[in-house]
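Structural features, examined
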Amino acid sequence: GAVVSQHPSWVICKSGTSVKIECRSLDFQATTMFWYRQFPKQSLMLMATSNEGSKATYEQGVEKDKFLINHASLTLSTLTVTSAHPEDSSFYICSARDRTPIANTGELFFGEGSRLTVL
Amino acid sequence: KQEVTQIPAALSVPEGENLVLNCSFTDSAIYNLQWFRQDPGKGLTSLLLIQSSQREQTSGRLNASLDKSSGRSTLYIAASQPGDSATYLCAVTMDSNYQLIWGAGTKLIIKP
């Protein structure tokens, strides 16, 4: 299957700093990527939908100024957690779908996730 | 509003048994349904994708069925192994925007 790579896998930062997480589709082009967060023992929560070349669409309750999303190319989307605080500590996962019509079955491919710990 | 429910929340069985995980959804007008596996602290692995027009999909020891009219899907795992221990999530998409609506997952433990 298609591969989505996230970097970094783990990040620890001080409160008040900003952290950038990258999501790359390695062997396909993705016009749309999704960002999720997951708290311990809970299911994934969609944060935003990232469309290449346009502004991200945020879910209700997600602060767009806090979680900056940039989807500058068909293979890269970034999530920046600005002025991070301990309550932002979570597991962040991205997903993408192949834009190729033949391959576009609607299947979403997921990154390995990035665990953020804010001290 | 679509809701996805997975039962049971947790399941522990001896190695070698066949087992079934359940997923139900309230709105039958789905685009597709996916089953995922998540190991602790890891990302998600897509196991099986069933399009709305399909009844089942198979991959190795896994078989997923879909009954849209009753709003149900099952994931059948044959001859379970300790390595199958993980949390299994099902999710549906309602339309072509492909946003997923998630179940809470079933935590599966296979005892050696």
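To start, this report covers the structure provided alongside it. (Residues numbered from 1 in each chain as written. Chains lettered and ligands numbered in written order. Predicted model: local features only at pLDDT ≥ 70, side-chain atom pairs only at ≥ 80, totals over all residues. Heavy atoms only, no water.)

Focus on the sheet that holds strand β8 (residues 72-77) of chain B
Across a sheet, strands are paired by hydrogen bonds formed along the backbone, either parallel or antiparallel in direction. Residue and element names in this part refer to chain B. Taken in spatial order, the 5 strands make up an open sheet running β1-β3-β8-β7-β6, and their pairing is antiparallel. Since the sheet does not close on itself, it has two edges, and those belong to β1 (4-7) and β6 (56-59), each with one partner. With strand direction ignored, the average angle separating the axes of adjacent strands in the sheet is 15°. With 4 bridges joining them, β1 and strand β3 (residues 19-25) adopt antiparallel strand pairing. By the bridge assignment for β3, Val4 is matched with Phe25. (Pairing = 2+ DSSP bridges. Helix = DSSP H or I, 4+ residues; strand = E, 2+ residues; numbered from the N terminus. Axes fitted to C-alpha atoms, helices over the stretch in contact; angles between N-to-C directions.)

So, the state of the cysteines
Simply put, the disulfide is a covalent bond whose two ends are the sulfur atoms of two cysteines. Applying the stated criterion across every chain, the model contains 2 disulfides over all chains. With a sulfur-sulfur separation of 1.9 Å, Cys23(A) is cross-linked through a disulfide to Cys94(A). The sign of the S-S torsion, about 80°, decides the handedness of the disulfide formed by Cys23(A) and Cys94(A): right-handed. Of this pair, Cys23(A) sits in strand β3 (residues 19-25) while Cys94(A) sits in strand β9 (residues 90-96), and the two are 71 residues apart along the sequence. Judged by its relative accessible area of 0%, Cys94(A) falls in the buried class. The residue that forms a disulfide with Cys23(B) is Cys90(B), at a sulfur-sulfur distance of 1.9 Å. Judged by the sign of its S-S torsion, about 70°, the bond between Cys23(B) and Cys90(B) is right-handed. Here Cys23(B) is found in strand β3, whereas its partner Cys90(B) is found in strand β9 (residues 86-93), with 67 residues between them in sequence. Comparing Cys23(B) with Cys90(B) shows no difference in burial state: the two are buried. Not engaged in a disulfide, the cysteine Cys13(A) finds its nearest cysteine sulfur in Cys94(A); these two sulfurs lie 18 Å apart. (Disulfide = S-S within 2.5 Å. Buried < 20%, exposed > 50% of the residue type's maximum accessible area, 1.4 Å probe, protein only.)

Some remarks on the interface of chain A and chain B
Contact residues are listed per partner, giving 21 residues for chain A and 20 residues for chain B. Buried area between chain A and chain B, summed over both chains or domains, comes out near 1,500 Å², and the portion from carbon and sulfur atoms is 54%. At the junction of chain A and chain B, the tally comes to 0 salt bridges. On the surface where chain A and chain B come into contact, there are 3 residue pairs in polar contact (both at pLDDT 80 or more). For the side of chain A that touches chain B, the secondary structure elements donating two or more residues are β4 (32-38), β5 (45-51) and β9 of chain A. If one sorts the elements of the side of chain A that touches chain B by residue count, β4(A) sits on top with 3 residues. Across the side of chain A that touches chain B, the residue classes tally to 8 nonpolar, 8 polar and 5 charged. (Contact = heavy atoms within 4.5 Å. Buried area = accessible area lost by both parts, 1.4 Å probe. Salt bridge = Lys/Arg side-chain N within 4 Å of Asp/Glu carboxyl O. Polar contact = N/O pair within 3.5 Å; in protein donor to acceptor, adjacent residues only side chain to side chain. Nonpolar A, V, L, I, M, F, W, Y, C, P; charged D, E, K, R; others polar.)

Things to note about the pairing of strand β4 (residues 32-38) of chain B
Residues and elements named next belong to chain B. Counting buried residues in β4 gives 7 out of 7 residues, a clear majority hidden from the surface. Neither face of β4 is exposed, since Asn32, Gln34, Phe36 and Gln38 on one face and Leu33, Trp35 and Arg37 on the opposite face are all buried. Summarising the sheet, β4 and strand β5 (residues 44-51) pair through 7 bridges and their orientation is antiparallel. Residue pairing for β5: Trp35 is matched across the bridge by Leu48. Linking β4 to β5, which pair antiparallel, is a turn of 5 residues; within it Gly41 sits at a positive phi near 70°. Sheet topology places β4 next to β9; 7 bridges connect them, and they run antiparallel. If you follow Arg37 over to β9, its bridge partner there is Tyr88.

A short note on the nonpolar core
Of all hydrophobic cores here, the largest spans 26 residues; its most connected members are Phe67(A) and Leu116(A). The residues contacting Phe67(A), other than those within four sequence positions of it, are Arg37(A), Met47(A), Tyr58(A), Val62(A), Leu79(A), Thr80(A), Val81(A), Asp88(A) and Tyr92(A). Leu21(B), Ile30(B), Ala64(B) and Ile110(B) belong to the second largest nonpolar core, which has 23 residues in total. (Core = buried A, V, L, I, M, F, W, Y, C linked by side-chain atoms within 4.5 Å.)

Re the layout of surface pockets
Approximately 550 Å³ is the volume found for the largest pocket. If you trace the largest pocket, you find 23 residues lining it, with Gln38(A), Lys41(A), Gln42(A), Gln38(B) and Thr87(B) closest to the centre. Of all the secondary structure elements, the ones that give two or more residues to the lining of the largest pocket are β9 and β11 (106-111) of chain B. The element contributing the most residues to the lining of the largest pocket is β11(B), with 4 residues. (1 Å grid on protein atoms, 1.4 Å probe; cavity = no way out; pocket = protein on both sides within 12 Å on 5 of 7 lines; lining within 4 Å. Points joined across faces, edges and corners; volume = space filled by probe spheres on them.)

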